[in-house]
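Chain by chain, the residues run as shown.
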Amino acid sequence: MSRLTRYVTLELLPPLLAGTLLFTAILSFGYFFISSQWLQGVPVALVGQWIAYQVPDTLVKVLPMAVVLMTVVAFGRMSTERELVAVQSGGISLGRVARPAGVVALLVTALSVWLSLWVAPRLNVETRGLYWDVLTGAGLSQLSGKTVDLGDGLTLFMRGYDPATRELQGVRLERWESGNARLGTLTFADRATFENRVLTLRDYRVFRADFGAAARLPGAAQNPLTLPGAVAQTFPAIRSGASLRVDTGLSRQETLAKYADAVGADAQGWPELVTALTTPGGKAAERHAARVTLNRKLALPFANLVLALAALPFALRYGRTLGVALGLALLLAVAYYLLFFLGLTLAPLLPGLPEAGVWLANVVFAALGLTLLRRA
């Protein structure tokens, strides 16, 4: 039995590695091709580093396709050359022969979960920081004229950005009281720098403003004796200075990852998602989004197991040549991803049970694989 296990495993590994390299290379080239017009003159080593940072996230996406290719190529060849018939005639069941494929798929699933929840989110943030700050040199220019949420109730607006000095220009910070939407702190600065999680404001002015009290100003203006008190209530604190450091909820790289691109980077990992799900008093919408994201980051890695199961009956019936096997693997993978994205679209419409939408593709393909195997 150990010899059979080694034999089947050796049949599985080459197509798995070849598929992983092929699909990873295709997606990595796509990333480079889309961004190549902004990478002229950039050292090759930096471009290689930028692409390497994206490999973990790419692997999470392509490993299910590679597992399908592994299953179809290996078992298709063994079926075509009648090796499976010979083994089964010796009293060994198909399930026993396919066990190494399940073990390999399980190991790939574990690797994918680790990449999805711990490695890829951190490197996705590093990727955006490297791209905007180093490769293109644009820095925070993409955020000019936008109001962005830095977390902890702090929002940032800047009129412009100077890439040469890495300075923000015409800065406005706002922080409003959670229990009083009319009471907040507004900070204005001519210039600022943003490094790590610290905004350093230059030539700043801070206004603590109560707009609830401001509604009484017109009446108080009629009486010179009450006007100073009303103004003091409206602006309980005003101060200015040359330099002020403000700790933010997001780092510079996290801000770039979230706001610089049209589609924010997938930067939430296990710690962030668990925090969003367990923080007392968290918003229902944020908890729902965290549930969807966590299940998505688990469902796609488990597609490696599901697709290995679903691909097996197709391999036994149709995987006769390498060309047919490759076409069949792509067809199954595309069908899975279409159903997976359909489930993600349905998940927000199921506030009570978003997991049903996220895991839809896995359930359907697992049921399909089991049904077809019973008929094989």
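Here is what the cut-offs are and how they apply
Numbering of residues starts from 1 in every chain and runs along the sequence as written. pLDDT decides what is reported in this predicted model: residues at 70 or higher carry local features, side-chain atom pairs at 80 or more are listed and counted, and totals for whole chains, interfaces and linings draw on all residues regardless. As a rule here, side-chain values come from all non-hydrogen atoms in the structure, and water together with hydrogens is ignored. UniProt positions are given in the numbering used here, feature names are shortened, and annotations may be inferred rather than shown by experiment. Numbering of helices and strands runs from the N terminus; a helix is a DSSP stretch of H or I covering at least four residues, while a strand is a stretch of E covering at least two. Throughout, a residue-residue contact means that at least one pair of heavy atoms, one from each residue, lies within 4.5 Å. Any residue under 20% of the maximum accessible area for its type is buried, any over 50% is exposed, and the rest in between are partly exposed; the area is computed with a 1.4 Å probe on protein chains only. What a helix should span is 1.5 Å times the count of its residues minus one. To get the bend at a residue, fit one axis to the 7 residues ending there and another to the 7 starting there, then take the angle between the axes. Here, a salt bridge means any side-chain nitrogen of Lys or Arg that lies within 4 Å of a carboxyl oxygen of Asp or Glu.

- The name given to the protein in an unreviewed UniProt entry is Permease, and the organism recorded there is Deinococcus arenae.
- Per UniProt, the protein has the following entry under Subcellular location (unreviewed entry): "Cell membrane".

**Some details on the environment of F75**
Then, in step 1: By secondary structure assignment, the location of F75 is in helix α2 (residues 44-80).
Then, in step 2: A sequence separation of 270 residues divides F75 from T345, and the C-alpha atoms of the two residues are 34 Å apart.
Then, in step 3: Residue contacts for F75: discarding those within four places in its chain leaves V8, L12, L84, V97, A98, A101, L312, A315 and L316.

**Looking at unusual backbone geometry**
Then, in step 1: Of note, D152 is a non-glycine position whose phi angle comes to about 60°, a positive value.
Then, in step 2: The topology assignment puts D152 in the loop between β1 (147-151) and β2 (154-162).
Then, in step 3: On the accessibility criterion, D152 (63% relative accessible area) is exposed.
Then, in step 4: Residue D203 is not a glycine yet carries a positive backbone phi of 50°.
Then, in step 5: You can see D203 is positioned in strand β5 (residues 198-210).

**What to know about the environment of L17**
Then, in step 1: Structurally, L17 is set in helix α1 (residues 2-35).
Then, in step 2: As for L17 and I34, which are separated by 17 residues in sequence, their C-alpha atoms are 26 Å apart.

**Some details on helix α10 (residues 284-318)**
Then, in step 1: Its 35 residues give α10 an end-to-end C-alpha distance of 48 Å, which sits within 8% of 51 Å, the value for a rise of 1.5 Å per residue.
Then, in step 2: Of all the bends in α10, the greatest measures close to 35° and is centred on N304.

**Some thoughts on the pattern of salt bridges**
A side chain of one charge can pair with a side chain of the opposite charge if their charged atoms are brought near each other.
Then, in step 1: Taken as a whole, this structure holds 18 salt bridges when the rule is applied.
Then, in step 2: Taking the shortest distance from any N to any O, the salt bridge between R77 and E11 comes out at 2.9 Å. Of this pair, R77 sits in helix α2 while E11 sits in helix α1, and the two are 66 residues apart along the sequence.
Then, in step 3: Look at R77 and you get partly exposed, because its relative accessible area is 23%.
Then, in step 4: A salt bridge links E195 to R252, with the shortest nitrogen-to-oxygen separation between them at 4.0 Å. Note that E195 is positioned in strand β4 (residues 180-195) and R252 in helix α8 (residues 252-260), a separation of 57 residues in sequence.
Then, in step 5: On the basis of relative accessible area, E195 is assigned to the partly exposed category, the value being 33%.
Then, in step 6: Three or more residues joined by partner-sharing salt bridges are found here, namely E11, R77, E81 and E83.

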